[in-house]
Amino acid sequence: MKAAVIMGSTSDEAKVEKGIAILKEYGVDVEVRALSAHRAHRALSEFVEECNNNGTDVILTAAGMAAALPGVVASMTVLPVIGIPIKGASLDGMDALLSIVQMPSGIPVATVAIDGAKNAAWLALEIMAIKYPELSEKLKNNRQAMEKACLDTNNEISEKYR
Ligand code: RP5
């Protein structure tokens, strides 16, 4: 299981590391880069080409502002690309969300919520689970644990107001 995580800047790291932690927890081999589509497009192209040839299963991309990175990465690969819009100093992250989600037909980016690195990681795991049955089992177990935790808190709150 191999995933690449590309962020547009190291200033995105604090938001992205939550997703990286989930991938690592599930035993995914993660390659992390900070390569802006605008400032370092040649190095970005080279890295995506590496991903195309080294068994990478999925590419997670995170960017803020005029967030070209996810779409540019998607243009260079047929691997699944997940886009994480990062909230910047202005516009509440809507700039990045719309830049990432509004892709032209034929070059999709699976866009998660603003600052949604955790769901990007869960989605990446679900994509990889198609190929790795043991991962699928782990994800099903996690859903059961989530349900149990939810029902436990439901019991607590219903008792509290009885
Ligand atoms: C985007 O511009 C990056 O993804 C980051 O969210 C934003 C600002 O980058 P820095 O100026 O902090 O490097 O490309």
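Residues numbered from 1 in each chain as written. Predicted model: local features only at pLDDT ≥ 70, side-chain atom pairs only at ≥ 80, totals over all residues. Heavy atoms only, no water.

Trainee: Just checking my understanding: could you explain the nonpolar core for this structure?
Mentor: As a rule of thumb, soluble globular proteins bury nonpolar side chains together. Of all hydrophobic cores here, the largest spans 27 residues; its most connected members are Leu 23, Leu 60, Leu 125, Met 128 and Leu 135. Of all the elements in the fold, those that place two or more residues in this core are β1 (2–7), α1 (13–25), β3 (58–64), β4 (81–86), α5 (117–129) and α6 (133–160). Per element, the largest residue contribution to this core is 7 residues, and it comes from α5. Sequence-distant contacts of Leu 60, defined by excluding residues within four places in its chain, comprise Ala 3, Ala 4, Val 5, Ile 6, Leu 23, Ile 82, Ala 120, Ala 121 and Ala 124. The next biggest cluster of nonpolar side chains, apart from the first, holds 18 residues, and it includes Leu 44, Val 48, Cys 51 and Ile 59. (Core = buried A, V, L, I, M, F, W, Y, C linked by side-chain atoms within 4.5 Å. Buried < 20%, exposed > 50% of the residue type's maximum accessible area, 1.4 Å probe, protein only. Helix = DSSP H or I, 4+ residues; strand = E, 2+ residues; numbered from the N terminus. Contact = heavy atoms within 4.5 Å.)

Trainee: Please clarify how the packing of aromatic side chains should be interpreted in this entry.
Mentor: The geometry of an aromatic ring pair is captured by the separation of the ring centres together with the interplanar angle, meaning the angle of the planes. This structure, assessed with the given rule, holds 1 aromatic pair. With 5.5 Å between their ring centres and 80° between their planes, Tyr 26 and Trp 122 make a pair best called edge-to-face. A residue pair is termed long-range when its members are at least 10 positions apart, and Tyr 26 in the loop between α1 and β2 (29–34) and Trp 122 in helix α5 qualify at 96 residues. Take Trp 122: its relative accessible area is 24%, and that puts it in the partly exposed class. (Phe/Tyr/Trp six-rings, centres within 6.5 Å; stacked < 30°, edge-to-face > 60°.)

Trainee: How should the packing of α5 against α6 be read in this particular structure?
Mentor: The description of two packed helices rests on the angle between their axes and on the distance between the axes. Contact geometry for α5 and α6: axes closest at 8 Å, N-to-C directions at 135°. In terms of orientation, α5 and α6 fall into the oblique class. Considering the relative orientation of α5 and α6, their crossing is left-handed. Contacts from Trp 122, Leu 125, Glu 126, Met 128 and Ala 129 of α5 reach α6 at Pro 133, Leu 135, Ser 136, Leu 139, Asn 142 and Arg 143. Split into classes, the residues belonging to the contact of α5 with α6 amount to 7 nonpolar, 2 polar and 2 charged. (Axes fitted to C-alpha atoms, helices over the stretch in contact; angles between N-to-C directions. Parallel < 35°, antiparallel > 145°, perpendicular 65-115°, else oblique. Left-handed = near helix turned anticlockwise from the far one by under 90°. Nonpolar A, V, L, I, M, F, W, Y, C, P; charged D, E, K, R; others polar.)

Trainee: It is not clear to me how the domain arrangement of the chain should be interpreted in this structure. Could you clarify?
Mentor: How big an interface is tends to be stated in terms of the accessible area lost upon association of its parts. Under the domain assignment, the chain is made up of domain 1 (2–131) and domain 2 (133–162). The gap between the C-alpha centroids of domain 1 and domain 2 is 29 Å. Taken together, the contact between domain 1 and domain 2 spans 7 residues of the former and 7 residues of the latter. Between domain 1 and domain 2 the total buried area reaches about 640 Å² when both faces are included, carbon and sulfur atoms providing 66% of it. When residues of domain 1 are sorted by the area they lose upon contact with domain 2, Tyr 26, Glu 126 and Ala 129 head the list and together hold 66% of the total. Counting the contacts that link domain 1 with domain 2 gives 1 salt bridge. Taking the shortest distance from any N to any O, the salt bridge between Glu 126 and Arg 143 comes out at 2.9 Å. Our enumeration of links across domain 1 and domain 2 arrives at 1 residue pair in polar contact (both at pLDDT 80 or more). For the side of domain 1 that touches domain 2, the per-class residue count stands at 5 nonpolar, no polar and 2 charged. (Domains from an automatic or database assignment. Buried area = accessible area lost by both parts, 1.4 Å probe. Salt bridge = Lys/Arg side-chain N within 4 Å of Asp/Glu carboxyl O. Polar contact = N/O pair within 3.5 Å; in protein donor to acceptor, adjacent residues only side chain to side chain.)

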